[in-house]
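Structure assessment
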Amino acid sequence: PKNPLPNRNSITISSSYAIKYFGEDNPLGRLIEVQMGEEIREFKVSSVMADPPENSSIRFDLAISNENNNVIFSQGVMEAWFSVSSETYVLVGDNSSIATVESGIQDVVMGYLDYIGT
């Protein structure tokens, strides 16, 4: 769908999770409980996605809206530039040198860390 997570209480699950929790029943509109820290919250299944391929570096079985980040992560993590709550991928040109790109990324990260430390 164009909007797989229409609100903060929506959840997208993988095909494997759909079968695991709902069998052959249609999971759309059904509720699923997710533990988030000390809290258990209910989410309504709004979409089902294909399982990520085995060779993917991004492996997950459910997705919820970023609107829930304040429940999952502490305020300090939410405000930290170097938070590891998400990954960043960069598409570089065909003529780019890996060494130059790595050096440039290193400079950016160290520049932000030096800024934060002051």
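For clarity, every value in this text was computed on a predicted model and none was experimentally measured.

Points about the sheet that holds strand β3 (residues 39–49)
Taken in spatial order, the 4 strands of this open sheet run β2-β3-β1-β4, and their pairing is mixed. Among the strands making up the open sheet, the edge pair consists of β2 (31–36) and β4 (62–64). Neighbour-to-neighbour, the strand axes of the sheet open up by a mean angle of 45°, direction not taken into account. Sheet topology note: the β2/β3 ladder contains 6 bridges and is antiparallel. In the sheet register, I32 faces β3, and the bridge partner there is F43. The sheet contacts of helix α1 (residues 15–22) involve β1 (10–14), β2, β3 and β4, and relative to β1 the element is tilted by about 100°.

Notes on the environment of E33
Along the chain, the position of E33 falls in strand β2. Separated by 11 residues in sequence, E33 and K44 have C-alpha atoms that sit 8.9 Å apart. In this structure, E33 is in contact with I40, R41 and E42, ignoring residues within four places of it in sequence.

Describing the nonpolar core
Of all hydrophobic cores here, the largest spans 10 residues; its members are I11, I13, A18, F22, I32, V34, M36, F43, V45 and I64. Here this core takes 3 residues from β2, the largest share from any one element. Once residues within four sequence positions are removed from consideration, A18 is found in contact with I13, G23, P27 and V48.

Focus: the confidence of the model for the chain
Confidence in the prediction for the chain averages 86 pLDDT; 89% of positions are at 70 or higher. Of all secondary-structure elements in the chain, the lowest mean pLDDT belongs to helix α3 (residues 75–79), at 74, while β1 reaches the highest, 97.

Definitions and limits used
Residues numbered from 1 in each chain as written. Predicted model: local features only at pLDDT ≥ 70, side-chain atom pairs only at ≥ 80, totals over all residues. Heavy atoms only, no water. Pairing = 2+ DSSP bridges. Helix = DSSP H or I, 4+ residues; strand = E, 2+ residues; numbered from the N terminus. Axes fitted to C-alpha atoms, helices over the stretch in contact; angles between N-to-C directions. Contact = heavy atoms within 4.5 Å. Core = buried A, V, L, I, M, F, W, Y, C linked by side-chain atoms within 4.5 Å. Buried < 20%, exposed > 50% of the residue type's maximum accessible area, 1.4 Å probe, protein only. pLDDT = per-residue confidence, 0-100.

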